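Summary of structural features
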Amino acid sequence: MFEKIKSQFQIGKVDVQQNAFDGRGFTFELKETEKWIIPMVFAMLVCIFFRNLGNPLAEEMNKIWLFTVPEPTKNKLWYSLFGCLLETTIDLIPAFIVTAVILPEKILYLSVWFVLGISLDFFCSSVGLFVELALPDSLTASIKAMFAISIRMFTIVPGLITSIIGAVTDNVLFLFITVILNIIPAVILMFISPLFLENGKK
């Protein structure tokens, strides 16, 4: 029994070394019975995107504590953002646990998709907040919503392309690139958005 386990380990070790040698070290081969993961994770991303259209982070600006709590504006917006991300994380954890129990050998692969979903929520929240603050108050709520939806849809295209490539090729590297494409512009917008409040434009 131990010899069999040892031989399987050696085979797996050789496969990993070969993948690293030929440039496929970031590749996770999904079996035919595991292909259901792909539509499931994309359905998760679609749900995150459309749920964020409600602009939960921008709604925090209507709370009185944003102006009464003695903290810098940027800190209060970041706290609100972390609260939104925490809510998304809690919503994703049950699905992640169930899938990880079904496919324990794909835990790393699933973890990357989990982080990608949170980064997408981060990106959509920061874009929604920026649009809410940048557009003048004279515009109606419907026009603002139209702008917010359009900007979100256009700006997620690069990340959508890399995530599709990563899903088709089972290459985690492209998924990491998608996470970076979500995080970098989101961080920039989160540093720009407080300026509208601090300069009295809102």
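Scroll up to find the structure.
Structure report, in brief. (Residues numbered from 1 in each chain as written. Predicted model: local features only at pLDDT ≥ 70, side-chain atom pairs only at ≥ 80, totals over all residues. Heavy atoms only, no water.)

Secondary structure assignment for the protein yields 9 helices and 0 strands. Put simply, the protein runs from its N terminus to its C terminus through helices and strands in the order α-α-α-α-α-α-α-α-α. Of all intrachain contacts in the protein linking residues separated by at least 6 positions in sequence, the fraction that spans at least 24 positions is 77%. Carbon and sulfur atoms provide 73% of the accessible area of the protein, an area that totals close to 11,800 Å². (Helix = DSSP H or I, 4+ residues; strand = E, 2+ residues; numbered from the N terminus. Contact = heavy atoms within 4.5 Å. Areas by Shrake-Rupley, 256 points an atom, 1.4 Å probe, with all protein chains shown as cover.)

Between its first and last C-alpha atoms helix α2 (residues 37-51) spans 21 Å; for 15 residues at 1.5 Å apiece the expected length is 21 Å, and the two agree. All of the buried residues along α2 are Ile37, Ile38, Val41, Met44, Leu45, Ile48 and Phe49. All buried residues of α2 project into a common sector of 135° when viewed along the axis, lining one side. Away from the buried face of α2 by more than 90 degrees, exposed residues Pro39 and Cys47 are located. Where the residues of α2 are buried, they touch α5 (73-102), α6 (107-134), α7 (141-155) and α8 (157-169). (Expected span 1.5 Å × (residues − 1). Buried < 20%, exposed > 50% of the residue type's maximum accessible area, 1.4 Å probe, protein only. Arc of directions from axis to C-beta.)

Further remarks concern the nonpolar core. Ranked by internal contacts, the top residues of the largest apolar core, which has 41 residues, are Tyr109, Trp113, Phe122 and Met190. Among the secondary structure elements, those contributing two or more residues to this core are α2, α5, α6 and α9 (172-198). By residue number, the principal contributor to this core is α6, which donates 15 residues. (Core = buried A, V, L, I, M, F, W, Y, C linked by side-chain atoms within 4.5 Å.)

Tracing the backbone shows Pro72 in the loop between α4 (65-68) and α5. Residues Pro72 and Pro194 lie 122 residues apart in sequence; the distance between their C-alpha atoms is 9.1 Å.

What follows covers the pattern of salt bridges. For the coordinates displayed, the defined rule picks out 1 salt bridge. Between Arg51 and Asp91 there is a salt bridge; the shortest N-O distance is 2.3 Å. Within this pair, whereas Arg51 is found in helix α2, its partner Asp91 is found in helix α5, the two being separated by 40 residues in sequence. Judged by relative accessible area, which is 40%, Arg51 ranks as partly exposed. (Salt bridge = Lys/Arg side-chain N within 4 Å of Asp/Glu carboxyl O.)

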